[in-house]
Every structure is written in C-alpha cells, then in structure tokens.
Amino acid sequence: MSDAYHELLDATIRHLETLKASGVRYISLSPEAIASLNGSRQRRSVSARRPAPAVAPQRVAAAPAPPAAPVAAPKTAQPDPVPAAVATASPALPSLGPEAKAAAFADLRERVLACIRCPHLASSRKNVVFGVGNIDAELMFVGEAPGADEDEQGEPFVGKAGQLLTKIIQAMNLTRERVYIANILKCRPDTPGQTTGNRKPTPQEMQTCIPFLHEQIDLIRPKVLVALGSTAVEGLLGKTAGITRLRGTWQTYRGIPLMPTYHPAYLLRNQAPAEKRKVWEDMLQVMERLGMPISEKQRRYFLSASAS
Ligand code: URA
C-alpha cells in the first residue's frame, strides 16, 4: 500500500479516536461506503485465502435513513485497513460541535500532560508544553520543541525566539490568542550534564510524540499551517530537503496548505535584514492565503529602513 494510503488511514483512525474520546460512540456511513467496506474486506480475504467477516449490516446505518443505525467507533487503533471510499472521505468527516471539540481537546491535553512515553524526557522535564492559543484558529504555527523558558513556564515560544515569533504574529495584525502555537515535541529535549543549551529532538522522540500534534491539528483544523524551521517541516511532511530550499514554497499537510519558513531562533542568530525579509514575505503569502487584508505598510515592511 502507498504512503498516501497509510497517511489517510492514520488520519481516519485518529479522527475516529478523537470522536470516541469526545463521547461519540456511533457514526453513520453512506450505503456506498458500506458497500465499499464490505467489498474491500471480501477482496482482501480472497487474496489472503481466508474467509472474510463482512461488516455486520445490522451495526451499520445507511445514511440518511432515519433513525441512523450506528457503526461502533473502533475500540483500539488496530482496525482493518480502511478502503479508499472511507479513507478519501477523511477530510470531509464531520467536524465536532464546540462542546465536543472542547471536550476532545481537554481529553487530549490530559493525555499529553500525563505522557511518559519517553522516560528520559518525562523525568527531566519541569512541564509538558502542550500548546497555546485558539482551538478554532485559522492559522497554526508549529515549532520544534520547548527550550528552557518554555519548560519552565509550560507554554510554547515564550523565550527570546518566542518573543520574536510574537512580534511576527503581531505584525500580521494577529495575536497569540487568535492563532494556535504548538511544537513537534511536547517535552524539552534533555541535555544531561548541561544546565543550558538545547538539542534537536531525535527521530525516535519525534516519532513517539508526533501523534499528539496530529491530533491537535485534526481537532483545530486550521486553514493554514506554518512550519517553523527544518524540524517542523521534517516532522509534518517527512521532508529533509532543507528549510533554505523549502521556505516560501507552499506544501500540503493532509490537504492543509503549509508554509515552511525559517525558525525565529535562526533570525536571532542571523540578523541580516534579507533573512528577516524572507520570513516576512512568507507571512505575507500566508495572509493572502487566509484572505486577510494587507496594508501598504505591511507590504513594504521590510523595504523600509526602520524594520531592518
Ligand atoms: N523553539 C521552538 O521550536 N519551540 C518553542 O516552544 C520554543 C523555542
């Protein structure tokens, strides 16, 4: 099966788990999806040379027939592969109502705060850094991992790089409260024997933690994602092409437009106005994509001497 198929399958499973976590026990399926599910299972069983249990029709509702007989949400994350008809429908799965969404988010937060999947990070962290902002945000920023300040305060992007990110957000006429900000890793990467300094998350740590970010994105459903730096790009897109090549070029994360740009920490290390301007140009593209008004002053921000 292709990577795209597995991505869609993962997305569908995550969405079903999110629904389940928020109290949803049943979903309706169209007659076409049911037929496709049954057909797929039969096809698989033929190729596997064993009898296939068909989806139990009495547990399935042929929407829109009222009352909707339900399909139980999966008990675990191990369902059989979802056929294309369901998998491709993933982006169109119904969004949660405000209360169910808030409950699902609170449930996710609780699970993240209690996570000990990386024992070395669970024992070295002061706080888990879940994420901050508006869970209905149209724009979501994704960074790498908490640093010392974030670990101390339990909030992403509050240190020097975070202050610069806040300025960028404000220059877009937005606030931290209107957008959502999260990281690939929810714990600060430990630096044994050191009291200062940061390190890049390991591939193993990223793989372990990324399902939480996927769930956050699934729930928030932003219109645009901004990946800050190469680790965020790698975590979300699996691309290691290098941020210098990718920045400023629209990418797609499961149907959501994603703009890679430099991490604000890079801008602090490299103060060249030309680099700041690149990030600003990326943000102008984001604003355009979101249909935000852009003033002449904003357009010329980094052309004026004062901004450099
Ligand atoms: N850098 C990041 O990538 N994330 C933070 O939260 C802080 C600094």
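Preceding block: the structure.
This one's a predicted model, so the numbers in the text were calculated from it and none came from an experiment.

Q: Mind showing me how you'd approach the site of the ligand here?
A: Taken together, Gly143, Glu144, Ala145, Glu150, Pro156, Phe157, Asn183 and His263 make up the full set of residues near the ligand. Between the ligand and Glu144 there is a distance of 2.7 Å, counted from an oxygen atom to a backbone nitrogen or oxygen. Take Phe157: an N or O atom from its main chain is 2.9 Å from an oxygen atom of the ligand. Contact with the protein chains hides 90% of the accessible area of the ligand, taken as 240 Å² for the molecule alone. Tallied by class, residues from the shell around the ligand come to three nonpolar, three polar and two charged.

Q: Could you clarify how one ought to interpret the pairing of strand E8 (residues 256-261) in this entry?
A: Side chains on a regular strand alternate between the two faces of the sheet. Of all six residues in E8, six are buried; the element is thus mostly enclosed. Residues Ile256, Leu258 and Pro260 of E8 are buried on one face, and the alternating residues Pro257, Met259 and Thr261, pointing to the opposite face, are buried as well. Remark: two residues form the turn of the hairpin made by strand E7 (residues 251-253) and E8, two consecutive strands paired antiparallel; Arg254 in that turn has positive phi of roughly 40 degrees.

Q: In this structure, what is going on with the side chain of Thr208? I would like to understand it.
A: With respect to the secondary-structure elements, Thr208 resides in helix H8 (residues 203-220). A relative accessible area of 17% places Thr208 in the buried class. With residues near it in sequence (within four places) discarded, Thr208 still touches Arg117 and Cys118.

Cut-offs used in this document
- Residues numbered from 1 in each chain as written.
- Predicted model: local features only at pLDDT ≥ 70, side-chain atom pairs only at ≥ 80, totals over all residues.
- Heavy atoms only, no water.
- Near = heavy atom within 4 Å.
- Polar contact = N/O pair within 3.5 Å; in protein donor to acceptor, adjacent residues only side chain to side chain.
- Areas by Shrake-Rupley, 256 points an atom, 1.4 Å probe, with all protein chains shown as cover.
- Nonpolar A, V, L, I, M, F, W, Y, C, P; charged D, E, K, R; others polar.
- Buried < 20%, exposed > 50% of the residue type's maximum accessible area, 1.4 Å probe, protein only.
- Helix = DSSP H or I, 4+ residues; strand = E, 2+ residues; numbered from the N terminus.
- Pairing = 2+ DSSP bridges.
- Contact = heavy atoms within 4.5 Å.

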